[in-house]
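Structure at a glance
Given next are the chains, with one letter for each unit.
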Amino acid sequence: ISAVEAELVNVEVERAVGCQPGYRCLGGELIPCPPGTRGDDQGEYCLDCPAGTYQEREAQMTCDTLCPEGSYCGVGTASPRACPDGTFGGAEGLSHRDNCTACGQGHWCSAGTRYPCNEEFHNEATNASKPSACERCPDQSTTGVKGSTSRRECKCAPRYFALSALDSADAE
């Protein structure tokens, strides 16, 4: 039997036995498709999951899990990646880190999640990645709300008032 005839016999055996879903058959051996891929309908190839989806397990036939909010998933992703610090992912199915949104004023962003500055704090910067980016209002003043974007939003706390015009401009 020649090498060509042996290969034809292998192909015929594979067809007769059939390759299981989520696997590919190579030389008579069942090989599971790795995470980040899915098996094709004929059991010949493992196909990368499309961008915006992921597959964490091997030997699967679908890649229908959307990348979760706060993350992005490129082609062939086995596990979602968090948006970089200073950005957040505001939707499911992001396909590239460039799809992550810059963290805006009044907030800080880490691991793909956006957090507002607490009351009594403000943040004028964008792309902030740590809570320390939120600056405290002057003594005895507060913003009264979360996510303040300017020191001008700091107002005198109840029962307090500004003593001079300069103080008044800083903590109205």
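Report on the accompanying structure. Along each chain, the written sequence defines residue order, and numbers are assigned to residues from 1. With the structure being a predicted model, the display of local features is reserved for residues of pLDDT at least 70 and the display and counting of side-chain atom pairs for 80 or more, all residues being used for whole-chain, interface and lining totals. Side-chain calculation: all heavy atoms of the structure are included, whereas hydrogens and water are not.

**Comments concerning the overall build of the chain**
In this text, helices come from DSSP runs of H or I with a minimum length of four residues, and strands from runs of E with a minimum of two, each type numbered from the N-terminal end. From N to C terminus, the chain includes two helices and 16 strands. Residue burial is assigned from relative accessible area. The probe radius is 1.4 Å, only protein chains are included, and a residue is buried under 20% of its type maximum, exposed over 50%, and partly exposed in between. In the chain, which comprises 172 residues, the proportion classed as buried is 30%. A contact between two residues is defined here by any heavy atoms of the two lying within 4.5 Å. Of all intrachain contacts in the chain linking residues separated by at least 6 positions in sequence, the fraction that spans at least 24 positions is 30%. To measure how exposed things are, a 1.4 Å probe is used in the Shrake-Rupley method; for residues, cover is taken only from the protein chains shown. As displayed, the chain offers around 10600 Å² of accessible surface, 49% of which is attributable to carbon and sulfur atoms.

**So, the state of the cysteines**
Only a pair of cysteine sulfur atoms within 2.5 Å counts as a disulfide in this structure description. One pass over the structure, following the stated rule, counts eight disulfides. At a sulfur-sulfur separation of 2.1 Å, the disulfide partner of Cys83 is Cys100. Disulfide Cys83 to Cys100: torsion about the S-S bond roughly -75°, handedness left-handed. Here the residue Cys83 occupies a position in the loop between strand 8 (81-82) and strand 9 (87-88), and Cys100 occupies one in the loop between strand 9 and strand 10 (101-102), the gap between them amounting to 17 residues. Across this residue pair, the class does not change: Cys83 and Cys100 are buried.

**Observations concerning the pattern of salt bridges**
Each reported salt bridge corresponds to a side-chain nitrogen of Lys or Arg within 4 Å of a carboxyl oxygen of Asp or Glu. Tallied over the entire structure, the rule returns one salt bridge. Among the salt bridges present, the one from Glu120 reaches Arg136, with a minimum N-O distance of 3.4 Å. With Glu120 in the loop between strand 12 (113-116) and strand 13 (121-122) and Arg136 in strand 14 (residues 135-136), the pair connects residues that are 16 residues apart, well separated along the chain. Among the residues examined, Arg136 registers a relative accessible area of 53% and is labelled exposed.

**Regarding the side chain of Ser141**
Examined against the element boundaries, Ser141 turns out to sit in strand 15 (residues 141-142). Between N or O atoms, a polar contact is any pair within 3.5 Å; within protein, one atom must be a potential hydrogen donor and the other a potential acceptor, and residues adjacent in sequence are included only when both atoms are from side chains. Polar contacts involving the side chain of Ser141 include one to the main-chain carbonyl oxygen of Pro138, which spans 2.5 Å.

**Structural notes on the packing of aromatic side chains**
Pairing of aromatic rings covers Phe, Tyr and Trp, the last counted by its six-membered ring, and requires centre-to-centre distances within 6.5 Å; plane angles under 30 degrees mean stacked, over 60 mean edge-to-face, and any other angle means tilted. One pass over the structure, following the stated rule, counts one aromatic pair. Look at Trp108 and Tyr115: their rings are 4.5 Å apart centre to centre, the planes differ by 25°, and that puts the pair in the stacked class. Accessibility expressed as a relative area gives 34% for Tyr115, which makes it partly exposed. By the criterion adopted, a ring carries a charge over it if an Arg CZ or a Lys NZ lies within 6 Å of its centre and within 35 degrees of its normal. Just above the ring of Phe88 sits the side chain of Arg114; from NZ or CZ to the centre is 4.5 Å.

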